[in-house]
Amino acid sequence: MSIESHIIHTIPVFDIQDRLEEPIHFFKNSIYSHVAITEDQKLLGLLSENDLESFESGEKISSFKANLESFYASKETSWLDVLELFSRNEANLIPVLDEEAHVMGYYDLNDFVGVFIDTPFFKEPGAILVVAKGIKDYSFSEIAQIVESNNTKLIGAFITDARSEVVQITIKVGTNNFSEVVNTFRRYNYSILYGNKADQFLEDLKERSDYLDKFLNV
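Residue positions are given per chain, counted from 1 along the sequence in the order it is written. Confidence filtering applies because this is a predicted model: local features only for residues at pLDDT of at least 70, side-chain atom pairs given and counted only at 80 or more, and all residues used for totals across whole chains, interfaces and linings. Processing note: side-chain calculations cover all non-hydrogen atoms of the structure and skip hydrogens and water entirely.

## Brief notes about the overall build of the chain
Looking only at helices and strands, the chain has seven helices and ten strands in total. Put simply, the chain has 218 residues, and 42% of those count as buried. Taking as baseline every contact in the chain between residues at least 6 positions apart, the subset at least 24 positions apart corresponds to 62%. For the area figures, the Shrake-Rupley method with a 1.4 Å probe applies, and any residue is considered shielded solely by the protein chains shown. Carbon and sulfur atoms provide 46% of the accessible area of the chain, an area that totals close to 12400 Å². Going along the chain from the N terminus, every DSSP run of H or I of four or more residues is numbered as a helix, and every run of E of two or more is numbered as a strand. Relative accessibility thresholds used throughout: buried, under 20% of the residue-type maximum; exposed, over 50%; partly exposed, between the two (1.4 Å probe, protein chains only). When checking whether two residues touch, look at their non-hydrogen atoms; a contact exists if any pair is within 4.5 Å.

Written as C-alpha cells, this is what we have:
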C-alpha cells in the first residue's frame with residue numbers, strides 16, 4: 001500500500017535557533033501533539049505539546065533542546081509501522097524524512113485511521129473472531145489452515161494483544177461455515193474471546209471511528 005501521497009507539506013518545521021513563541025503559537029492554534037525541530041536543516045527532534053506550559057516565549061528553542069523527543073518515519077516506512085509510531089509515542093503527527101534526514105512533511109494520524117478503515121479487512125463482508133492461545137503455541141500458518149480447511153476465506157488477521165504469555169488475535173473470515181471454523185479453533189485449543197457476524201463488529205467500529213473523529217477534531 002502506497003502511503004507517500006498522505007505526506008502533508010503545509011505544517012511548519014522550526015529551527016533550533018527560533019524562539020519558543022513560534023511553536024507556542026503553533027500548538028495553541030492547532031490540535032497537533034508534536035512539531036519537528038531541525039538543526040542545519042536536518043531533524044534534531046520534536047517538541048511536544050505536553051510541555052507547552054514549560055515554554056518561555058522569550059527563550060530560544062535551543063534552551064529546551066534536552067527535552068526534544070526522537071521519532072520519525074521515512075518514505076519507505078510501512079503504514080503498519082507508522083501506526084505503531086503513532087501509538088508508541090502518543091502522537092498524532094509524525095515527521096517524514098528523506099535520505100539526508102531533511103523533513104519532507106508529516107503524517108497525520110487522522111489520515112492513517114482513514115487508510116486503516118479503508119483496507120479490505122474492514123470493508124470486505126465477513127465475520128469476526130477474536131481468539132487467544134499461548135504465545136509459543138500459535139502460528140499464522142495454523143490459523144490459515146484452520147479457516148481454509150473449512151472452505152472459508154481468510155480475509156485478514158493481526159495480533160491485538162499479547163501479555164502474560166498469551167496472544168490475542170483478531171481474525172476476519174468469510175461467512176461460509178462460520179460455526180465450523182469456530183469449533184475447529186476450539187479443537188485446536190484456541191480460546192474464543194469473541195465470535196460474531198461482522199455486521200455488529202462494523203457497527204461497533206463505526207461508533208469508535210465517530211468518537212475518534214470527534215476527539216481528533218476538538
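Next comes the rest of the write-up.
## Considerations on the layout of surface pockets
Taken as a whole, the second largest pocket holds about 350 Å³ of empty space. The rule is simple: put a 1 Å grid over the protein atoms alone, call a set of points where a 1.4 Å probe fits but cannot get out a cavity, call an open set with protein on both sides within 12 Å along at least five of seven lines a pocket, and count a residue as lining if it has an atom within 4 Å of a point. Considering the residues around the second largest pocket, the lining is formed by W79, L80, F116, T119, P120, F121, I155, G156, A157, F158, I159 and T160. Those elements giving two or more residues to the lining of the second largest pocket turn out to be helix 2 (79–88), helix 4 (120–123) and strand 8 (154–163). Among the elements that take part in the lining of the second largest pocket, strand 8 stands out by supplying six residues, more than any other. Three classes are used: nonpolar for Ala, Val, Leu, Ile, Met, Phe, Trp, Tyr, Cys and Pro, charged for Asp, Glu, Lys and Arg, and polar for all others, with Gly counted as polar. The residue makeup of the lining of the second largest pocket, split by class, is nine nonpolar, three polar and no charged. Grid points are joined across faces, edges and corners, and a volume is the space filled by probe spheres set on the points.

## With respect to the pattern of salt bridges
Here, a salt bridge means any side-chain nitrogen of Lys or Arg that lies within 4 Å of a carboxyl oxygen of Asp or Glu. Under the counting rule described, the total for this entry stands at five salt bridges. Residue R88 is joined to E84 by a salt bridge in which the shortest nitrogen-to-oxygen separation is 3.4 Å. Of this pair, R88 and E84 both sit in helix 2, four residues apart, which is roughly one turn of that helix. For E124, the salt bridge is made with K153, and the minimal N-O distance between the two is 2.7 Å. Of the two residues, E124 is situated in the loop between helix 4 and strand 7 (127–134) and K153 in the loop between helix 5 (140–148) and strand 8; the sequence distance between them amounts to 29 residues.

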